Amino acid sequence: MAKIFRYLLLLLGCSGSLSVALAAGPAGEQELLQYTQTNDMIASDGVPMLRVFDSGRVLVHLPAWKKNSGDYEYFLSDTELKALKDRLESPLVAAFDKARMERALHAAENTARAGGAMLFEISDNTYTHMIVNSGINGPEKDITWANLQNDAQRHTELKELVELADTERYLQKLLHHPKMKKLD
């Protein structure tokens, strides 16, 4: 039974990948952003949940385990596209350095422990993955972080982490945009 279920998930994942790939869009359209959030407990189908293009076109892929799974498309208004670009071009997001931020987080956690702060544990990691394209400003930026929202909430002094978490919350809203239309 488990084997059948895995094959079914694989088939659903492949069909989702195909429909999103076929919706890639007109030649010359540049992808500005890919965003995915995954979790240790749920298998990923490997398709970005959100893809935004310089034309304002947005492709949303909601995985098979979601109630409203499928592939969707909509267009951002000029104001919405500018707001997104402003977030992605923010100095704290554009200059995000994972290794430096990991060192800062480790130091902040050590300081909290030394001060007698409450211990905190996460049993199932949630991973944020963003690829911001060079079409915005500079080289392509690939950002991956485990438990972003938790770390930003616990360590508000780490402004880069807080701004990245704010950007992720904004992207989560784009996954549920009222203009979304399901693709065939």
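Remember, predicted model here, so these are calculated numbers, not experimental data.

Considerations on the confidence of the model for the chain
Mean pLDDT over the chain stands at 83; residues scoring 70 or higher make up 79%. When pLDDT is averaged over each helix and strand of the chain, the minimum, 41, is found for helix α1 (residues 2–22) and the maximum, 97, for strand β4 (residues 70–75). Under a pLDDT of 50 for its full length, residues 1–23 has, in the predicted model, 16 contacts with residues more than four places off or in other chains.

Section: the sheet that holds strand β3 (residues 57–62)
Taken in spatial order, the 7 strands make up an open sheet running β6-β5-β1-β2-β3-β4-β7, and their pairing is antiparallel. This sheet does not close on itself; its edge strands, each paired only once, are β6 (141–146) and β7 (181–182). Two strands pair when backbone bridges link them, and strand β5 (residues 126–132) and β6 are joined in this way by 6 bridges, in the antiparallel orientation. Bridge assignment links Thr 128 to a residue of β6, and that residue is Trp 145. The strands that helix α2 (residues 78–89) touches are β1 (31–39), β2 (50–53), β4 and β5; relative to β1, the one it contacts most, it runs at about 70°.

Here we look at α2
Given a rise of 1.5 Å per residue, 12 residues ought to cover 16 Å, and the 16 Å separating the end C-alpha atoms of α2 matches this to within 8%. Leu 81, Leu 84 and Leu 88 are the residues of α2 that are buried. Each buried residue of α2 sits inside an arc of 65° when the element is viewed along its axis, so together they form one side. Relative to its buried face, α2 has exposed residues pointing more than 90 degrees away, namely Asp 78, Thr 79 and Lys 82. In this fold, the buried residues of α2 make contact with β1, β2, α3 (91–94), β5 and α6 (159–174).

Some details on a nonpolar patch on the surface
Taken together, the side chains of Met 41, Ile 42 and Trp 65 present a nonpolar region at the surface, about 340 Å² in accessible area. Counting through the fold element by element, Trp 65 comes out in the loop between β3 and β4. Residue Trp 65 is classed as partly exposed on the basis of its relative accessible area of 48%.

Things to note about the packing of α2 against α6
Contact geometry of α2 with α6 gives a least axis separation of 10 Å together with a crossing angle of 150°. In terms of axis orientation, α2 runs roughly antiparallel to α6. For the element pair α2 and α6, the recorded crossing hand is left-handed. In this structure, α2 contributes Glu 80, Ala 83, Leu 84, Arg 87 and Leu 88 to the contact, and α6 contributes Asp 166, Thr 167, Tyr 170, Leu 171 and Leu 174. Its residues placed into classes, the contact of α2 with α6 shows 6 nonpolar, 1 polar and 3 charged.

The rules behind the values
Residues numbered from 1 in each chain as written. Predicted model: local features only at pLDDT ≥ 70, side-chain atom pairs only at ≥ 80, totals over all residues. Heavy atoms only, no water. pLDDT = per-residue confidence, 0-100. Helix = DSSP H or I, 4+ residues; strand = E, 2+ residues; numbered from the N terminus. Contact = heavy atoms within 4.5 Å. Pairing = 2+ DSSP bridges. Axes fitted to C-alpha atoms, helices over the stretch in contact; angles between N-to-C directions. Expected span 1.5 Å × (residues − 1). Buried < 20%, exposed > 50% of the residue type's maximum accessible area, 1.4 Å probe, protein only. Arc of directions from axis to C-beta. Patch = residues over 30% accessible without salt bridge, like charges linked within 9 Å, V, L, I, M, F, W, Y side chains within 5 Å. Areas by Shrake-Rupley, 256 points an atom, 1.4 Å probe, with all protein chains shown as cover. Salt bridge = Lys/Arg side-chain N within 4 Å of Asp/Glu carboxyl O. Parallel < 35°, antiparallel > 145°, perpendicular 65-115°, else oblique. Left-handed = near helix turned anticlockwise from the far one by under 90°. Nonpolar A, V, L, I, M, F, W, Y, C, P; charged D, E, K, R; others polar.

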